[in-house]
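Architecture at a glance
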Amino acid sequence: MRIVSDIDHVGIAVRDLDAAVLHYGRTLGVEPAHRETLEVQGVEAVFLEVGRSAIELMAPLRRDSPVGRFLDRRGEGFHHVAYRVDDLAATLAHLDAEGVRLVDREPREGSRGTRIAFVHPSAFGGVLIELVEVPG
Ligand code: CO
């Protein structure tokens with residue numbers, strides 16, 4: 001039974017979003033496809049398309065936010081890997097039944113019109129996992 005279908009994106013925490021976008025464009029030739037400010041989560045994110053996947057560069061809007069605290073603790077770098085799933089609610093029920101610790105027990109609204117949920121890093125060797133259901 002296949003649960004995840006693709007790597008949707010890889011999330012990378014940065015301090016200076018504009019500088020990082022310029023750097024990725026100059027060096028790797030990847031262009032911004034989407035920019036979004038999530039006020040509630042205190043983060044601004046830019047998605048750079050890489051084939052069917054993307055790089056999500058994320059910078060905190062304020063220091064006292066999840067990504068702000070992440071940067072203080074661990075510095076810039078890899079933050080999470082996001083897998084695409086067909087049915088997010090069914091995937092969460094499956095993981096829960098497998099005893100996997102979840103951050104989100106219910107799907108919530110993500111960027112780009114997606115529904116998302118996070119899985120606790122303790123369940124995957126310290127790697128924070130985001131599950132993404134793309135509409136349609
Ligand atoms: Co993400």
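Computed from a predicted model, the values in this text were never measured in an experiment. (Residues numbered from 1 in each chain as written. Predicted model: local features only at pLDDT ≥ 70, side-chain atom pairs only at ≥ 80, totals over all residues. Heavy atoms only, no water.)

**Focus: the overall build of the protein**
Looking only at helices and strands, the protein has three helices and eight strands in total. Of the regular secondary structure in the protein, the N- to C-terminal order runs β-α-β-β-β-α-β-α-β-β-β. Here the C-alpha radius of gyration of the protein, 15 Å, is about what a compact globule of 136 residues would show, namely 14 Å. Summarising its shape, the C-alpha atoms of the protein cover approximately 45 × 30 × 25 Å along the three principal directions. Per-residue burial over the protein gives 41% buried out of 136 residues. Partitioning the intrachain contacts of the protein with sequence separation of at least 6 by distance along the chain shows that 52% fall at a separation of at least 24. On the protein, roughly 7700 Å² of surface is accessible, and the fraction owed to carbon and sulfur atoms is 51%. Charge centroids of the protein, computed over 16 positive and 22 negative side chains, lie 5 Å from each other. (Helix = DSSP H or I, 4+ residues; strand = E, 2+ residues; numbered from the N terminus. Rg over C-alpha atoms; globule rule 2.2 N^0.38 Å. Buried < 20%, exposed > 50% of the residue type's maximum accessible area, 1.4 Å probe, protein only. Contact = heavy atoms within 4.5 Å. Areas by Shrake-Rupley, 256 points an atom, 1.4 Å probe, with all protein chains shown as cover. Lys, Arg positive; Asp, Glu negative; His and termini not counted. Charge placed at Lys NZ, Arg CZ, Asp CG, Glu CD.)

**Let's talk about the nonpolar core**
Inside soluble globular proteins, nonpolar side chains tend to come together where they are buried. Formed by Ile12, Val14, Leu17, Ala20, Val21, Tyr24, Val30, Val46, Leu48, Ile55, Leu57 and Ala59, the largest nonpolar core amounts to 12 residues. Of all the secondary-structure elements, those providing two or more residues to this core are helix H1 (17-28), strand E3 (43-50) and strand E4 (53-60). Ranked by residue count, the leading element in this core is H1, at four residues. In terms of nonpolar packing, the next biggest core, distinct from the first, is built from 11 residues, Leu92, Leu102, Val119 and Leu131 among them. (Core = buried A, V, L, I, M, F, W, Y, C linked by side-chain atoms within 4.5 Å.)

**Side note on the environment of arginine 101**
The topology assignment puts arginine 101 in the loop between helix H3 (88-97) and strand E6 (108-109). Taking the C-alpha atoms as reference points, arginine 101 and isoleucine 3, 98 residues apart in sequence, are found 17 Å from one another. Apart from the residues within four sequence positions on either side, arginine 101 is in contact with Val119, His120, Ser122 and Ala123.

**Some remarks on the coordination of the cobalt ion**
For the cobalt ion, every protein donor is listed as His9 (NE2), Glu56 (OE), His80 (NE2) and Glu130 (OE), and the spread of their distances is 2.1 to 2.2 Å. Of note is the cobalt ion, whose four donor atoms meet at the metal with angles of 83 to 175° in an arrangement that counts as irregular. (Donors = N, O, S within 2.8 Å, 3.2 Å for Na, K, Ca; no water. Tetrahedral: all angles 85-135°; square planar, octahedral: opposite > 155°, others 65-115°.)

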